[in-house]
Amino acid sequence: MAALLKKRALAEYNKSFQDGPSSKKLHLAKKPLIGSSAAAFVGLLEKCKSSEEALQLLLRISDCLQFQESDVEEAIKKRSEHFQSEGESVVRVKILWLFCDIGLECPGANLNNLIDETIHLIKNETSHKVIAQGIATLLKLGTKLNDDKILMMRLVNVAKDNLKDTSHSVKCRCLQLISELYPIYPESDRTQDMRTEADVIVKLLGDYSNAEDARVRCEAFQSLLTLHERGQTLNVSLYEHVCESLSDDYEIVREVALKLLWLLGNKYPENTITLPDGETTMRLVDDAFVRICSAVNDLCMQVRALACSLLGTTRNVSDRFLLQTLDKQLMSNMKKKRTAHERGAELVRSGAWASGRRWADDAPGQLVPQDSVQLLPGGAAGAFVHGLEDEFMEVRTAAVEAVCQLSQESALFATTSLDFLVDMFNDEIEDVRVRAINSLTNMAHHIILREDQLEIILGALEDFSMDVREGLHRMLGSCTVASKTCLEMCIDKILENLKRYPQDKRSTFRCVQRMGSAHAALVLPLATRLLAVHPFFDMPEPDVEDPAYMCILILVLNAAQHCTTMLPLFEEHTIKHYTYLRDTMPHLVPHLPIGESQLSRTERSELLDDSAVRRFFDTVLQHIDNTALSANVRLNMLRSAEEQLNKLSEMEPMCAGAAIFTALFARCVLALHDALLAAGGPPPHALAQLTTDCLRLQHQFSGVSEQESACVGQVALRVAAARLCAPEAAAGVPSCSATATGTAPSATLAAMSAAAALTHQAELLDRLLASAGVEPDAFTIAVFQQLSASGEHKPAALARALLPRLHAAPLPTIPKPNLKIRMCTASIVEPASDNDTVVRFSAGLIAGVALEAEVVRVRDPSALRVRVAYPDRRVHALVPPTDHLRTLDHLDNNDDGTQNVRLLTKVLISHGVWTEPCGVDISICLAVEEASSREPAALVELCRPVRVTVAPKPIKRGI
């Protein structure tokens, strides 16, 4: 129905009107091609005289791979015949490649037939390239039919037969096919024969890990990993062989062997193995951890980075092995240590117990095997120390992440690794420093910072990078300090750094807020010094707008929340400043029983109850939908409801979304009613505002139910109809011919655009009403009937038909309040609204204005735009780069699927010469793409614009 509505409503726009005699029209008809284009190329394949011509023709077939269902079998047959007569291997490879493409892309292709034909063609093939491509084709085609277990076993047997090939590429393809297509049944459905056969397959893949070619060995291990991912259990007997592969000469083998070693260690952690000395036993996960630690000293950077990453995801490792990774001293390579008595007895038995004062004290001792002597530390000794000191950023980053992951599992390891992570704050790469800071933040609940560690941490606050400074603020707010001196060091350094980087004010406020809440007992002895309270003299009242003083107030007030002993120390001006901060920054200052806040909060918190808010909504909207009342009475009640809902949104932020949504809906109803009653038809500015409000209702709010969206859609349909009917209402009752011939081109285009918008809105509303199960109102039914009526409709005729129905339509139904509705909003932090700085630049060049904004509850961050409005009414919508959008870390995650983002970018401003400085408005908007409109995307403003004073100056030419 939607396509029919659009086709009929837009049919008239394809006509042209001429005053003079019509010219003769030329009709061009394209002669249909017999069969498809690809089938025509296949027919030419037999006429090729050389392999080069055949290859070029196959490439053209691959580019236009379009076959009719009746031509597919014939095309496969002809290519198969050409394959058997072709002597060039490259052409045969391309034919098998096309078999795969036909099976995956052509709807009428018989996959079983293609598989049989491919198996037949490669059966007697001698070229390694052709066989490898044939196995690859079987793999891709078999993936589409993986439910057919018999066919899968047939393909696996074909791969087994070709494993004897001498080419490494054929072996790799065969191993890949076996691992991906071998049928694996659920554990409950497996019989003993199935388990035996699966063990044979695992053993077969494991045997090829001893192949001569490193690529085959790598693919064999990778096939074992693939089998495990598909649900096949790997036997622990593979462990010894995998350990031997860790010393392979090729890094590709060592990488995949490390992954398999990690897998077996985590799969069988409590299994025990015996060390080469024959006496010491060790848990399998501990031995795997030690061997992965040895790979941290590998020659290849990729292997070292992978080893560090795997260390962080190894679980259930003993504490002594974890701690060994942070100790760089030479150890006994995890051998069992014997007592002095046992060592003395061993010397007596060996005869090498001479003390040097007796005869033959230089007798030779027991011979030491050459392989047992290690000049460098082995095992887990100092693994993370080596990783954190590596020359490559990738290895250091992986080591930092691994230490963080292991620290979250073990408090002892977190305490021991603290010094190493703190040292990473001085790394030369910014990304490594940021990761180290974030890692320390994640493990903050395990650690307590000392003075020597704080000196290094606070020294990093002077970093030029804003990401590093803000990360340190988050970390200091999450960590616990050891003493009052440490806290005093933090406060002094933070206040000093705030003078150097005043743009970090918001991040600093959140830092001191969390520090005060976590260290109430340590803030108490510092309160008098911080607040400048003297026992005998009245100190001058500080400036409450001073950022440093605001930091101190936020710190002390958050500490006083958990330590009421601090409250009597507050002087009168401190209590006044608390009241001011409580009103201006309630998210940073808690409620305290001082000043005016000593009153009970029961009355104020009553509106936060859902039932109380619902009762208020019902009281406001109870009689608006009563059709027994007159329209004027209902309109007056609607105006009153809009005012009360706007006040409610200002008083209670928790229900602001629902209140603003309902108030905006009421405003649309009132504005539409007033526009239709205006003399001379609906004013253009009123229709433009109505269109913008409808877009806000549709795109700026989240948590809206389908029923509420249907109500909004019906109002938007009325607005679209009003746009279409506006010229008719202004012109009275014009004749259809006069409208068709006397309308200006711009008016005709506007009418076409309005009709297209109406049709598109009707299509959307039709689908929305069907999915929501809502009955359309009388006007919506009339629009549907008018658009679906037989016959052609011009915009003027459609407008004349809808105009009386639009005037006679009753007021739309106000949706019931939904407290789950949330509103997408933005707040511009920088530039400030009271900024008097004039941006001066040469006319015609570009000036950059730093922009920082926070956007909450946005559905798609890629739809955000920066709107720049110049004094000459030129408007630019700038698309911020993706990396300039960051997640807001100080807000909780939204439960409605929306995101909270922070925009940090530069707004580029350019203009010609102005006689005097003027203001340029910058705002954050949401771009709304309309599928039926060719015009630029509409912009929905999320905040009030901030004005920046700009003064382009003329360019000085010469000296």
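These figures come from a predicted structure and were not determined experimentally.

Turning our eyes to something else, we now look at the overall build of the protein. A tally of regular secondary structure across the protein gives 39 helices and 16 strands. Within the protein, buried positions represent 45% of all 959 residues. If you take every contact in the protein between residues at least 6 apart in sequence, the share linking residues at least 24 apart comes to 72%. Entry remark: accessible area of the protein is about 50,700 Å², with carbon and sulfur atoms responsible for 52%.

Turning to the packing of aromatic side chains, a few remarks are in order. Going through the model one piece at a time under the given rule, you end up with two aromatic pairs. Ring centres of Phe-661 and Phe-701 lie 5.3 Å apart, and the angle between their planes is 80°; on these two criteria the pair is classed as edge-to-face. Placement of Phe-661 in helix 33 (residues 656-676) and of Phe-701 in strand 5 (residues 701-702) is noted, with a sequence separation of 40 residues between them. Taking relative accessible area as the criterion, Phe-661 reaches 2% and is therefore assigned buried. On the basis of relative accessible area, Phe-701 is assigned to the buried category, the value being 1%. Taking the ring centre of Tyr-185 as reference, the NZ or CZ of Lys-149 above it sits at 5.5 Å. For the cation-ring pair, Arg-469 lies above Tyr-501, with the distance from its terminal atom to the ring centre recorded as 3.8 Å.

Under the criterion given, the structure shown has 36 salt bridges. Asp-286 is the partner of Arg-283 in a salt bridge, and the nearest nitrogen-oxygen pair spans 3.2 Å. No difference in accessibility class separates Arg-283 from Asp-286, as the two residues are buried. Arg-667 is the partner of Glu-642 in a salt bridge, and the nearest nitrogen-oxygen pair spans 3.7 Å. You can see Glu-642 sitting in helix 32 (residues 631-651) and its partner Arg-667 sitting in helix 33, a full 25 residues away along the chain.

What follows concerns the sheet that holds strand 13 (residues 899-909). Strands sit in the order 7-9-13-12 across an open sheet of four strands; the sheet is antiparallel. Lying at the two open borders of the sheet, with one neighbouring strand each, are strand 7 (825-830) and strand 12 (885-887). Neighbouring strand axes in the sheet, compared pairwise and without regard to direction, differ in orientation by 25° on average.

With that settled, the discussion passes to the pairing of strand 13. Burial runs high along strand 13: eight of the eleven residues are buried. Where strand 12 and strand 13 come together, three bridges link them in antiparallel fashion. Across the sheet, residue Leu-885 finds its bridge partner in strand 13, namely Leu-903.

At their nearest, the axes of helix 23 (residues 466-478) and helix 25 (residues 505-518) sit 7 Å apart, and the two run at 15° to each other. The angle between helix 23 and helix 25 falls in the class roughly parallel. Handedness of the helix 23/helix 25 crossing: left-handed. Between helix 23, through Glu-470, His-473, Arg-474, Leu-476, Gly-477 and Ser-478, and helix 25, the contact on the second element is made entirely by Ser-507, Thr-508, Cys-511, Arg-514 and Met-515. For the contact of helix 23 with helix 25, the per-class residue count stands at three nonpolar, five polar and three charged.

Let us now look at unusual backbone geometry. With omega at 5°, the peptide bond leading from Glu-830 into Pro-831 counts as cis. Secondary-structure assignment places Pro-831 in the loop between strand 7 and strand 8 (838-842). With phi around 55°, Ala-532 is a residue other than glycine that occupies positive phi space. Judged by its relative accessible area of 36%, Ala-532 is partly exposed. Even without glycine at this site, Arg-873 takes up a positive phi of about 70°.

Turning to the confidence of the model for the protein, a few remarks are in order. Per-residue confidence for the protein averages 81 on the pLDDT scale, and 83% of its residues sit at or above 70. When pLDDT is averaged over each helix and strand of the protein, the minimum, 40, is found for helix 36 (residues 736-742) and the maximum, 94, for helix 15 (residues 301-312). Residue range residues 373-377 is modelled with pLDDT below 50. Its contacts to residues more than four positions away, or to other chains, number six contacts.

Along the chain, Arg-696 turns up in helix 34 (residues 684-699). Here Arg-696 sits buried without a salt bridge, and the closest side chain of opposite charge, Asp-693, lies 4.6 Å off (N-O distance). Of note is the side chain of Arg-696, whose polar atom sits 2.7 Å from the side chain of Gln-700.

Quick notes on the rules
Residues numbered from 1 in each chain as written. Predicted model: local features only at pLDDT ≥ 70, side-chain atom pairs only at ≥ 80, totals over all residues. Heavy atoms only, no water. Helix = DSSP H or I, 4+ residues; strand = E, 2+ residues; numbered from the N terminus. Buried < 20%, exposed > 50% of the residue type's maximum accessible area, 1.4 Å probe, protein only. Contact = heavy atoms within 4.5 Å. Areas by Shrake-Rupley, 256 points an atom, 1.4 Å probe, with all protein chains shown as cover. Phe/Tyr/Trp six-rings, centres within 6.5 Å; stacked < 30°, edge-to-face > 60°. Lys NZ or Arg CZ within 6 Å of the ring centre and 35° of its normal. Salt bridge = Lys/Arg side-chain N within 4 Å of Asp/Glu carboxyl O. Pairing = 2+ DSSP bridges. Axes fitted to C-alpha atoms, helices over the stretch in contact; angles between N-to-C directions. Parallel < 35°, antiparallel > 145°, perpendicular 65-115°, else oblique. Left-handed = near helix turned anticlockwise from the far one by under 90°. Nonpolar A, V, L, I, M, F, W, Y, C, P; charged D, E, K, R; others polar. pLDDT = per-residue confidence, 0-100. Lys, Arg positive; Asp, Glu negative; His and termini not counted. Polar contact = N/O pair within 3.5 Å; in protein donor to acceptor, adjacent residues only side chain to side chain.

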